[in-house]
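Each chain, letter by letter, is given below.
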Amino acid sequence: MKAILVKQTGGPEVMELVELPVPEPKANEAVVRLAASGVNFIDVYHREGRYKVPLPFIPGQEGAGQVVAVGSDVKSVKIGDRVAWTTTLGSYAEYVAGAADRLVPIPAGVSDQQAAATMLQGMTAHYLAYDTYPLKRGETALVHAAAGGVGLLLVQLAHNIGARVIATVSTEDKAKLAREAGADEIILYSQVDFEAETKRLMGGKGVDVVYDSVGKTTFEKGLNVLRPRGMMVLFGGSSGAVPPFDPITLTQKGSLFLTRPSLGNYIATREELMVRSGAVFAMIASGKLKLRIEHTYPLAEAQRAHRELEGRKTTGKLLLIP
Ligand code: NDP
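One structure accompanies this document, and this report is about it.

Thresholds applied
- Numbers given for residues are sequential positions, taken from 1 along each chain in its written order.
- Totals for whole chains, interfaces and linings use every residue, but because this is a predicted model, local features are given only for residues with pLDDT of at least 70 and side-chain atom pairs only at 80 or more, for both listing and counting.
- The side-chain figures draw on all heavy atoms in the structure; neither hydrogens nor water molecules are used.
- One side-chain nitrogen of Lys or Arg within 4 Å of one carboxyl oxygen of Asp or Glu is enough to make a salt bridge.
- Only DSSP runs of H or I covering at least 4 residues are called helices, and only runs of E covering at least 2 are called strands; the numbering of each starts at the N terminus.
- When accessible area is computed with a 1.4 Å probe and restricted to protein chains, residues below 20% of their type maximum are described as buried, those above 50% as exposed, and intermediate ones as partly exposed.
- Between the N-to-C directions of two axes lies an angle of 0 to 180 degrees, each axis being a line fitted to C-alpha atoms and, for a helix, fitted only over the stretch in contact.
- Small angles under 35 degrees read as roughly parallel and large ones over 145 as roughly antiparallel, with 65 to 115 read as roughly perpendicular and the rest as oblique.
- The contact rule is simple, with two residues in contact once any of their heavy atoms fall within 4.5 Å.
- All amino acids are sorted into three groups, where Ala, Val, Leu, Ile, Met, Phe, Trp, Tyr, Cys and Pro are nonpolar, Asp, Glu, Lys and Arg are charged, and the leftover types, Gly among them, are polar.

Before going further, it helps to examine the pattern of salt bridges. One pass over the full model with this rule turns up 20 salt bridges. Of the charged contacts, one joins Arg47 and Glu310 as a salt bridge, the two residues approaching to 2.7 Å between their closest N and O atoms. Taken together, the positions of Arg47 in helix α1 (residues 41-48) and Glu310 in helix α9 (residues 302-310) put the pair 263 residues apart, joining distant regions of the chain. Judged by relative accessible area, which is 2%, Arg47 ranks as buried. For Glu310, a relative accessible area of 28% translates into the label partly exposed. Its salt-bridge partner being Glu197, residue Arg200 comes within 2.8 Å of it at the nearest N-O pair. Note that Arg200 and Glu197 are positioned in helix α5 (residues 194-201) at a spacing of 3 residues, about one turn of the helix. Judged by its relative accessible area of 21%, Glu197 falls in the partly exposed class. Ionic contacts of the salt-bridge type, sharing partners, join the residues Asp131, Glu272 and Arg276 into one network.

Listed below in structure tokens is the structure:
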């Protein structure tokens, strides 16, 4: 099979297209032939070595396809099932072997590409809006990088809940997409100071929650726009990692809450994985949640996909097609 292999960490050029044997399932595993693999910012962290993965490795931890083999203990899926997953490393390939209890069936009305585009970013937007800080109607959320993969989905969920959404983006084109997704206010944070602009839009009141995936360049100012006892949800570092931080700052800025969540902890059990993926798939099938899949690349062009994602050139979801 064809797969992308990383033998040493580094820039996009370390991802090589190679020929490898199709994996065999262990007793608890299923092997899936991929229809599409999702590209996510976490794949960049793995490739760079910011998050450690034993070398060599096949990157990618999201996809959808058809089960072609199962191990002797597998009960949850069978050969021929259409399934999707996240947190199974090795998805930039034609075939992947993974724990069968992490695979979820794709419902009718959701295509393979839609499923591959949903699992990581869709369930992330879902847990952020419904569980980490359960947004309520009438509250205000500041969403950074609002035209990104997670961003566009989070804006839609927050809007559907009835919250007011203040969105930051870097370009006019991205502003248009964030507005279409339901953002009430847009701040071009590449041109204006988002702290001053958020305070102006809020008339001196603070926002209830900041959803921050940008990290290094936004974190500190984000703390300054929260209401007393508001919540900073730092869930990524697309601009780099946030430097070490003294918790007393949270007291000084109004008894704030800070959390640094990860999807894995919100789909830890099979039950939670099924409930959350089912909820997001239902929203997609009904049209309540719209995916934007405009960046599809052949598997062989994984390097280009990473360059564009890191270069802030993409919006919505990126997929690799084997
Ligand atoms: P995005 O599609 O959001 O791409 C990243 C975006 O970040 C860019 O488009 C850009 O938007 C913005 N950005 C701001 N500064 C920079 C910079 N210096 N370099 C690159 N991008 C920058 O990616 P994803 O949706 O895949 O992921 C978004 C973030 O969410 C990532 O940090 C990821 O790690 C995190 N994440 C966390 C999860 C969790 O459970 N904790 C799960 C899923 C994702 P603009 O041009 O508008 O500024």
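From this point, things continue past the structure.
One can find Met119 in helix α2 (residues 112-132). Given the relative accessible area of 0%, Met119 is considered buried. Along the chain, Met119 and Gln191 lie 72 residues apart, while their C-alpha atoms are 33 Å from each other.

Turning our eyes to something else, we now look at the packing of α2 against helix α8 (residues 270-286). In contact at an axis separation of 9 Å, α2 and α8 are set at 105° when each is read in the N-to-C sense. The angle between the axes of α2 and α8 places the two elements in the roughly perpendicular class. Counting all contacts with α2, which are made through Gln114, Ala115, Thr118, Met119, Gly122, Met123, His126, Tyr127, Tyr130 and Asp131, the residues of α8 involved are Leu273, Arg276, Ser277, Ala279, Val280, Phe281, Met283 and Ile284. Looking at the contact of α2 with α8 residue by residue, the class counts come to 11 nonpolar, 5 polar and 2 charged.

Remark: α1 packs on α9, axes separated minimally by 10 Å, with the N-to-C direction vectors making an angle of 110°. In terms of orientation, α1 and α9 fall into the roughly perpendicular class. Two secondary-structure elements touch here, α1 through Phe41, Asp43, Val44, Arg47 and Glu48 and α9 through His306, Leu309 and Glu310. Taken together, the residues of the contact of α1 with α9 sort by class into 3 nonpolar, 1 polar and 4 charged.

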